[in-house]
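A closer look at the structure
What follows is the residue order along each chain.
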Amino acid sequence: MNKFDCLSVLFLYPQKNIIEPYKNCAENFGLKLPELEDLQVEYTRLFINAYPKVIAPPYESFWREKEIYGETTIAIKKLYAACNLDTSKNWHDLPDHIAAELAFLAYLEGNDTIEYQDIKARLLEEHLKAWVDKFCEVVKNNTTLEYFKNLSILLEENIYED
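Below is a summary of the structure that appears in this document. (Residues numbered from 1 in each chain as written. Predicted model: local features only at pLDDT ≥ 70, side-chain atom pairs only at ≥ 80, totals over all residues. Heavy atoms only, no water.)

In terms of regular secondary structure, the chain is built from nine helices and zero strands. A compact globule built from 162 residues should have a C-alpha radius of gyration of about 15 Å, and the chain, at 15 Å, falls within 12% of that. Expressed as a percentage of its 162 residues, the buried residues of the chain come to 45%. Restricting the contact set of the chain to residue pairs at least 6 apart, pairs at least 24 apart contribute 61%. Carbon together with sulfur atoms contributes 50% to the accessible area of the chain, which is approximately 8500 Å² in total. Within the chain, one finds 17 positive and 28 negative side-chain charges whose respective centroids are separated by 3 Å. (Helix = DSSP H or I, 4+ residues; strand = E, 2+ residues; numbered from the N terminus. Rg over C-alpha atoms; globule rule 2.2 N^0.38 Å. Buried < 20%, exposed > 50% of the residue type's maximum accessible area, 1.4 Å probe, protein only. Contact = heavy atoms within 4.5 Å. Areas by Shrake-Rupley, 256 points an atom, 1.4 Å probe, with all protein chains shown as cover. Lys, Arg positive; Asp, Glu negative; His and termini not counted. Charge placed at Lys NZ, Arg CZ, Asp CG, Glu CD.)

Right, dumping it as structure tokens:
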């Protein structure tokens, strides 16, 4: 797994069936992983539901358009399609979820053709770099777990260093 594979895993909902990759990725980054139940509670509070609104929706379209499944969602689907990828087959969330975009970035990192490197540059410049900083800032300022604060810092460092 490359660093973007690991970041993708760490932004998935933490469950028993993926806890080993979760632990391995957290360890690779030097993150101290809280107990599974604590992770689930905080993940849900930050990214899925909190009263009166979701604190940090993990979707590009929210951060760029203030709506879920907007034009940026369609644009990211077109980038996936340019690589013959279809998220509807094995992904059960929106295609502009942070974990999906990071998994796509990891996929592109593994292919050094000029076409894929151009798509990688577009993914970074036109998508991830346009919203990740705002998303991470909200996570860092609202999490109750040091883990999610540190994960957000890692995400920013890895997106904006390229």
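Right, let's get into the side chain of E42. Within the fold, E42 resides in helix α3 (residues 36–48). Residue E42 is classed as buried on the basis of its relative accessible area, which comes to 3%.

Glancing now at the environment of L145. Inspection of the secondary structure puts L145 in the loop between α8 (132–142) and α9 (146–160). Overall, L145 belongs to the buried group, its relative accessible area being 18%. For the pair L145 and P34, spaced 111 residues apart in sequence, the C-alpha separation works out to 8.2 Å. In contact with L145, other than residues within four places in its own chain, are P34, D38, L39 and E42.

Glancing now at the packing of aromatic side chains. The relation between two aromatic rings is expressed through the spacing of the ring centres and the mutual angle of the planes. The tally for this structure, following the rule as stated, stands at 13 aromatic pairs. Aromatic pair Y43 and F148: ring centres 6.4 Å apart, planes at 55°, arrangement tilted. In this pair, Y43 sits in helix α3 while F148 sits in helix α9, placing the two residues 105 residues apart along the sequence. Residues Y43 and F148 agree in their burial class; the two are buried. The rings of F11, Y13, Y43, F47, F62, W63, W131, F135, Y147 and F148 are connected pair by pair, giving a single aromatic cluster. The cationic tip of K66 hangs over the ring face of F62; the distance from NZ or CZ to the ring centre is 5.1 Å. (Phe/Tyr/Trp six-rings, centres within 6.5 Å; stacked < 30°, edge-to-face > 60°. Lys NZ or Arg CZ within 6 Å of the ring centre and 35° of its normal.)

In this section: unusual backbone geometry. Of note, K66 is a non-glycine position whose phi angle comes to about 60°, a positive value. Tracing the backbone shows K66 in the loop between α4 (60–65) and α5 (71–82). A positive phi angle, near 60°, is found at Y69, a position not held by glycine. Take Y69: it is sitting in the loop between α4 and α5.

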